[in-house]
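A structural walkthrough
Okay, here's what each chain looks like letter by letter:
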Amino acid sequence: MWLLILLVWLVIWAGGTYWYLFRKPSPFSLESVRPPGPREFDQKKRDKVIKQGFSVDKVPQNLDVIVIGSGIGGLTAGATLAKAGKKVLVLEQHDQAGGCCHTYIEKGFEFDVGLHYIGQVHENGLLRIAFDQITEGQLEFQELEPHFDTIQIGLGDQKREYTIFSGKHEMKAHLMKQFPNETEAIETFFKIMKVSAKKTHYLASMKLIPQWVCLFLLKSGIADLVSPVFRLSGTPATDFINTLTKNKDLQLVFSYFFYGVPPKESSVLINALLIHHYKRGAYYPKGGASEIAFHIIQTIQKYGGNCLVRAPVSQILVDEKGSAYGVKVKKGQEEVEVHAPVVVSNCGIFTTFQKLLTPEITVKHDIQERLNMMKHGRGSFLIFSGFDGTAEELGLVSTNFWLFKDNDMDKSMEDFFAMSKEEAPDNIPMMFITVPSAKDPEAKIRHPGKSCMTILTMVKYEWFEEWKNTTVRKRGDEYYNYKMRFAKNLFDWACTVFPKIKDKLVFQDVATPLTNMHYLGAQRGAMYSAEHNVERFYAETVARNRCSTPVKNLYISGQDVFSCGIAGALHGGLLCASTVLDHIVYINLLLLKKKLKRKKARELAQLDKKKL
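Criteria and cut-off values
- Residues numbered from 1 in each chain as written.
- Predicted model: local features only at pLDDT ≥ 70, side-chain atom pairs only at ≥ 80, totals over all residues.
- Heavy atoms only, no water.
- Helix = DSSP H or I, 4+ residues; strand = E, 2+ residues; numbered from the N terminus.
- Rg over C-alpha atoms; globule rule 2.2 N^0.38 Å.
- Buried < 20%, exposed > 50% of the residue type's maximum accessible area, 1.4 Å probe, protein only.
- Areas by Shrake-Rupley, 256 points an atom, 1.4 Å probe, with all protein chains shown as cover.
- Lys, Arg positive; Asp, Glu negative; His and termini not counted.
- Charge placed at Lys NZ, Arg CZ, Asp CG, Glu CD.
- Pairing = 2+ DSSP bridges.
- Contact = heavy atoms within 4.5 Å.
- Axes fitted to C-alpha atoms, helices over the stretch in contact; angles between N-to-C directions.

Further remarks concern the overall build of the protein. A count of helices and strands for the protein gives 25 helices and 20 strands. Its C-alpha atoms give the protein a radius of gyration of 24 Å, near enough to 25 Å, the size a compact globule of 612 residues would have. When its C-alpha atoms are laid out on the principal axes, the protein stretches across 80 × 65 × 60 Å. Looking at the protein as a whole, 57% of its 612 residues qualify as buried. Counting every atom, the protein has about 26900 Å² of accessible surface; 54% of that belongs to carbon and sulfur. Taken together, the 78 basic and 65 acidic charged side chains of the protein have centroids lying 6 Å from each other.

Looking now at the pairing of strand S4 (residues 109-112). Alternating residues of S4 divide into Phe109 and Phe111 and Glu110 and Asp112, and every residue in both groups is buried. In the sheet, strand S3 (residues 103-106) pairs with S4 via four bridges, with the strands oriented antiparallel. Across the sheet, residue Tyr104 finds its bridge partner in S4, namely Phe111. Taking the residues between adjacent antiparallel strands as the criterion, S3 and S4 are bridged by two residues, where Lys107 takes a positive phi near 55°.

With that settled, the discussion passes to the environment of Thr390. Along the chain, the position of Thr390 falls in the loop between strand S15 (379-388) and helix H17 (391-394). In sequence terms Thr390 and Pro180 are 210 residues apart; their C-alpha atoms lie 38 Å from each other. Discounting residues that sit within four places of it in the chain, Thr390 has contacts with Gly449 and Ser451.

Strand order across the open sheet formed by five strands is S10-S2-S1-S14-S20, with parallel pairing between neighbours. In the strand order of this sheet, the two ends are held by strand S10 (306-308) and strand S20 (554-556), each with one partner. Geometrically, the sheet is characterised by an average inter-axis angle of 20° between neighbouring strands, direction not taken into account. Where helix H3 (residues 72-83) meets the sheet, its contacts fall on strand S1 (65-68) and strand S2 (88-91), and the angle it forms with S2 comes to roughly 170°. Across the sheet, helix H24 (residues 565-581) lies against strand S14 (342-345) and S20, angled at about 155° from S20, the strand it touches most.

Take a look at the structure:
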């Protein structure tokens, strides 16, 4: 009798699960992907897509979804929802769509703002399949040299250099050659990388299944029995790495991707994922980073939606029942209401809850509870430099350089962020150098005889806060001289790596946290959005920090959903679309991946037959 009841329940459970996962049609299909068309080099034609200004007559009728912010998270959510039959409007406050994926052209130089390289877009990789679906096959990637990153530690005679190579087996083998006495530590760390990469979907799924189920699994300890990722996500990187090795240089290599928090305050899982991200190769979009927005927007438009810029949202409209039903958009001195039954915010949790909702809603307990899960991220400081000369003439390469004055990242970052405003510019402990013109093979066609470089470091917003109420590009001499102190020290440091660039510099632009706030809408200039401290990645916090919000029909997308970076924000968009649709679109992507692998296997088998 009990066996029969159990069998009936199992059948009901299996049937219910199947119905939930597959009851809705997939937004994705192999048929929607077509061969890439010719690259569009006409800037006026490109601007019609990525720089289409807001006006009421351009707003599609009978909207289903409004997306606030055109970063990769918002565009991914928008395109996925569009392909699921929703009419989507994306609103962007800047004069160009793309968020951190946009590029800007000045004095004949084209600079990437936030995309410097990307991994896991190899053939039939899940991320590549996602990009192919939301651009319908129109986005192409250039694979970079296997030697994709160089890490320099120390200055002058004390400088040590380590190189990071991609490759399924080569990455680990090459690191072991450079640290021959640390093979056991490297072996263990790579095992953690593998576990993190293979099982992170367990963490992500916590955002899609009922919260009470997640909390039961976590609090009961069942989740830890299933996979170590739930424990790893909440383990500080320094604590874990100290158990592997005492070699300070290797410790730094295990955590060299800096994003605002020192290793002792970051998650070892996130740091491991960042390195693993490039194991199968580092890539760059052919045609530059703006190709991403250019093609995704066309997908949204194909299904009846649109993306409009110069459309700053001033308020999310919420009715008396507590449901979002649209937004207010500033248009000159007026405000225009745009209505839709679903609102997706891709402008960060702090902007969404603290600036776009009325104070009466913001102060509510459940909103404050969500805000208390996060901290403001560190500001970014960038230098965009243009040079007369080709990459070959200037000795520039596609390899990125990560420079550190000291191998103790915890101490150097802690000391730096504790410094006064006056001390900081002369004591920058680390920086990142990327040369986009050396990565994109088509840069030579668009901008012949020119090269460009982006330099990045992390800074405190408070050092620049006194100028927050000044106008962009009119902030005064004191502000200019202060930011140029940072810029000069960083550029001089870069010249020790690329000495030929110093005499060929013809253009330089500097972006502080205030610049990022103005153009990217980044709170306190944090390009990576909310801080990626280890507390954010406690499994219970991951489960509670969902795309749905306490305001009905209002959803969060982008970097604040799971993690930073282009890939992290894209997954935030997919998670958001899954939540809005009440349908896990990852199931559809995985089924596509299986089909594509079978197709590839058949093609290889046919080739083998022909050879015989």
